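Descriptive structure summary
Residues per chain, in single letters:
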Amino acid sequence: MKINKETLKELDKERRMLPLTFDPVFKGVFSRNLEILKGFLVDVLHLEYELEELDIRILNNELPNENINEYSKRVDVNIVLKNDIYVEIEVNREDFNLVKYRNKLYEDKLYSMILEKGENPRNLENIWFYQLNLNTENRTEQQGEHIIVPYDISTNEVYIKNKITILKFLEYYYKLYYNEPKKRTRDVIWLASLSSKTFLPHTPF
């Protein structure tokens, strides 16, 4: 069957689409299609690299489950790009304020595992770590993105610039896609598509 706008309309009539935020679908699409995953990360994290510059590796099978209580915690995809950019992608189905301590613990755990035993902690200066939180539940958020970093309130300076939590409220981007067509940048298209309830929003791949 040829896939075009008309056939997608027919598919919409016949079946309900499982959103990409559904855990098995998310992992199935992104863990098995590394070029798609690279495109997603470059656009959503605003990385200044061409896709062909980036090697990519999935780390999920290398991560232990001990050390902290991970009750009800689902890790979606853990990635390393170019050997010095680490990304943990997580889909939160609860209000972020309810899970922020759990997420922070897991972020710190992953960050601490980057270095080899005995390696100088100063080497972390050359590594970027992103925890990308995709929140599906907060439907009233008026700002799509929050960037959270270790911050020194006495100097008003970022304390560690390369350890970053990026919180994206997907419903915001879904509404932006449909209500403001002129703002359909590549990252908006990606993020709206994650929670799409139809086959019709077009992803950039």
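In what follows, the accompanying structure is described.

Examining the overall build of the protein chain
A tally of helices and strands in the protein chain yields six helices and eight strands. Taken from N to C terminus, the helices and strands of the protein chain fall in the order α-α-α-β-β-β-α-β-β-β-β-β-α-α. Classification of the 205 residues of the protein chain by burial places 44% in the buried group. Contacts in the protein chain between residues at least 24 apart in sequence constitute 62% of all its contacts with a sequence separation of at least 6. Of the accessible surface of the protein chain, which amounts to about 12400 Å², a share of 50% is contributed by carbon and sulfur atoms.

Remarks on a nonpolar patch on the surface
Where nonpolar side chains cluster on the molecular surface, the patch consists of Y151, I153 and V158 and spans about 340 Å² of accessible area. Structurally, V158 is set in strand β7 (residues 157-158). V158 gets classed as partly exposed once you look at its relative accessible area, which sits at 43%.

Topic: the packing of aromatic side chains
If you walk through the whole model with that rule in mind, you get eight aromatic pairs. Relative to F40, the ring of F30 has its centre 5.0 Å away and its plane inclined at 55°; by these criteria the two rings are tilted. Of this pair, F30 sits in helix α2 (residues 23-32) while F40 sits in helix α3 (residues 34-44), and the two are 10 residues apart along the sequence. Classification of F30 as buried rests on a relative accessible area of 1%.

Section: the environment of T21
Of note, T21 is situated in the loop between α1 (5-14) and α2. The class of T21 is buried, set by a relative accessible area of 10%. Separated by 115 residues in sequence, T21 and T136 place their C-alpha atoms 7.8 Å apart. The contacts of T21, once residues within four sequence positions are left out, are V91, R93, T136, L170 and L194.

Digging into helix α6 (residues 186-194)
In terms of residue burial, α6 counts as a mostly covered element, since eight of its nine residues are buried. Where the residues of α6 are buried, they touch α2, α3, β4 (128-135), β8 (163-169) and α5 (170-179).

Here is what the cut-offs are and how they apply
- Residues numbered from 1 in each chain as written.
- Predicted model: local features only at pLDDT ≥ 70, side-chain atom pairs only at ≥ 80, totals over all residues.
- Heavy atoms only, no water.
- Helix = DSSP H or I, 4+ residues; strand = E, 2+ residues; numbered from the N terminus.
- Buried < 20%, exposed > 50% of the residue type's maximum accessible area, 1.4 Å probe, protein only.
- Contact = heavy atoms within 4.5 Å.
- Areas by Shrake-Rupley, 256 points an atom, 1.4 Å probe, with all protein chains shown as cover.
- Patch = residues over 30% accessible without salt bridge, like charges linked within 9 Å, V, L, I, M, F, W, Y side chains within 5 Å.
- Salt bridge = Lys/Arg side-chain N within 4 Å of Asp/Glu carboxyl O.
- Phe/Tyr/Trp six-rings, centres within 6.5 Å; stacked < 30°, edge-to-face > 60°.

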